[in-house]
Amino acid sequence: MAEEQTLNTLEDLGEAAVATVESEAPVYVQKLDAQGRAYATGKRKGAVARVWIKPGSGRITINGREFEKYFARPVLRMVLLQPVVAAERSDQYDVVATVSGGGLSGQAGAVRHGLSKALTLFEPELRPVLKKGGFLTRDSRVVERKKYGKAKARRSFQFSKR
């Protein structure tokens, strides 16, 4: 016959299951290289950014140039600085990034994504703030491919009755 289970034993099983679920929650730890920097890769559209951060005065260098010169449009600069402002860490980290592919808008988004990931590796306690702001999620929207028989991805050629 089957073993009899009382309500108490079922309750104990439930508590054990809850305890194992709580212990399996991921623990995020600081991850630095030999020079004391955190590294992360960010992506957006066709752009890929490699980002290193280290404690410093707040200098941001992209492809060897100051970020004000690289991203001339204020909107792109604002996009890039969003994770630092959300984490309230402006003027605390030096950022060095190399970015390639895509256009300027995609590159700014890629650097933002990489910077957010690097901040979480340097300071794991910033993860909830950056996660809530949506900075750790890769924006997967890319340009739709052109289809044959169409002018663009969905646009048809002009219809002519005669």
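Keep in mind that this is a model prediction, so the values were computed, not measured.

Novice: Looking at this structure, how should I read the overall build of the chain?
Specialist: Scanning the chain from terminus to terminus reveals 5 helices and 5 strands. Here the chain, with 162 residues, has 30% of them falling under the buried criterion. Carbon and sulfur atoms make up 55% of the accessible area of the chain, which amounts to about 11300 Å² in all.

Novice: Would you mind showing me how to read the pairing of strand S5 (residues 93-100) here?
Specialist: Both faces of the sheet carry side chains from a regular strand, because those side chains alternate between them. Pairing of strand S2 (residues 47-55) with S5 involves 8 bridges; the strand directions are antiparallel. When the sheet's bridge partners are listed, Ala49 is paired in S5 with Val99. Of the pairings in the sheet, the one linking strand S3 (residues 60-62) to S5 comprises 3 bridges and is parallel in character. Paired with Ile60 across the bridge in S5 is Val95.

Novice: Would you mind going over the side chain of Ser116 with me for this structure?
Specialist: Assignment of secondary structure puts Ser116 in helix H4 (residues 104-122). The class for Ser116 is buried, based on a relative accessible area of 0%. Residues within four places of Ser116 in sequence aside, it is in contact with Pro83, Leu130, Phe135 and Leu136.

Novice: What is the right way to read the packing of aromatic side chains from this model?
Specialist: In this description, a pair of aromatic rings is defined by centroid distance and the angle of the planes. By the definition in use, this model includes 3 aromatic pairs. Where Tyr39 meets Trp52, the ring centres are 5.0 Å apart and the plane angle is 40 degrees; that geometry is what we call tilted. Taken as a pair, Tyr39 in strand S1 (residues 38-44) and Trp52 in strand S2 lie far apart in primary sequence, 13 residues in all. Since its relative accessible area comes to 34%, Tyr39 is described here as partly exposed. Judged by centre distance (5.0 Å) and plane angle (85 degrees), the ring pair of Tyr70 and Phe71 falls under edge-to-face. A relative accessible area of 0% means that Phe71 is categorised as buried.

Novice: I'm lost on the packing of helix H3 (residues 74-86) against H4 in this one. Help?
Specialist: Two packed helices can be described by the angle between their axes and the distance between those axes. The contact between H3 and H4 brings their axes to 8 Å, and the two run at 10 degrees. Considering the angle they form, H3 stands roughly parallel to H4. Taken together, the residues of H4 that come into contact with H3 (itself represented by Leu76, Val79, Leu80, Gln82, Pro83 and Val84) are Leu104, Ser105, Ala108, Gly109, Val111, Arg112, Leu115, Ser116 and Leu119. For the contact of H3 with H4, the class distribution of residues is 10 nonpolar, 4 polar and 1 charged.

Novice: Quick question: what am I supposed to make of the pairing of S1 here?
Specialist: Side chains Ala38, Ala40, Gly42 and Arg44 project from S1 onto a buried face, and the interleaved Tyr39, Thr41 and Lys43 project onto a face without burial. Where S1 and S2 come together, 7 bridges link them in antiparallel fashion. Following the sheet pairing, Ala38 is matched in S2 by Ile53. Taking the residues that link successive antiparallel strands as the turn, the S1-S2 hairpin has 2 residues, and the phi of Lys45 there is positive, at about 50 degrees.

Novice: Where do I start with the nonpolar core in this structure?
Specialist: Side chains of a nonpolar character, in soluble globular proteins, are inclined to be buried together. If you look at the biggest cluster of nonpolar residues, it comprises 31 residues, and the most contacted ones within it are Ile53, Ile62 and Leu119. Going through the elements one at a time, S1, S2, S3, helix H2 (67-70), H3, S5 and H4 are the ones with two or more residues in this core. When residues in this core are grouped by element, the largest group, 7 residues, is from H4. Excluding anything up to four places from it in sequence, Ile62 contacts Phe67, Tyr70, Phe71, Leu80, Ala97 and Val99.

Novice: Is there a simple way to think about unusual backbone geometry in this case?
Specialist: In this structure, Lys45 takes a positive phi of about 50 degrees despite not being glycine. In this fold, Lys45 is placed in the loop between S1 and S2. Positioned with a positive phi, Glu88 is a non-glycine residue whose angle comes to about 55 degrees. Of note, Glu88 is situated in the loop between H3 and S5. Given the relative accessible area of 64%, Glu88 is considered exposed.

Cut-offs applied
- Residues numbered from 1 in each chain as written.
- Predicted model: local features only at pLDDT ≥ 70, side-chain atom pairs only at ≥ 80, totals over all residues.
- Heavy atoms only, no water.
- Helix = DSSP H or I, 4+ residues; strand = E, 2+ residues; numbered from the N terminus.
- Buried < 20%, exposed > 50% of the residue type's maximum accessible area, 1.4 Å probe, protein only.
- Areas by Shrake-Rupley, 256 points an atom, 1.4 Å probe, with all protein chains shown as cover.
- Pairing = 2+ DSSP bridges.
- Contact = heavy atoms within 4.5 Å.
- Phe/Tyr/Trp six-rings, centres within 6.5 Å; stacked < 30°, edge-to-face > 60°.
- Axes fitted to C-alpha atoms, helices over the stretch in contact; angles between N-to-C directions.
- Parallel < 35°, antiparallel > 145°, perpendicular 65-115°, else oblique.
- Nonpolar A, V, L, I, M, F, W, Y, C, P; charged D, E, K, R; others polar.
- Core = buried A, V, L, I, M, F, W, Y, C linked by side-chain atoms within 4.5 Å.

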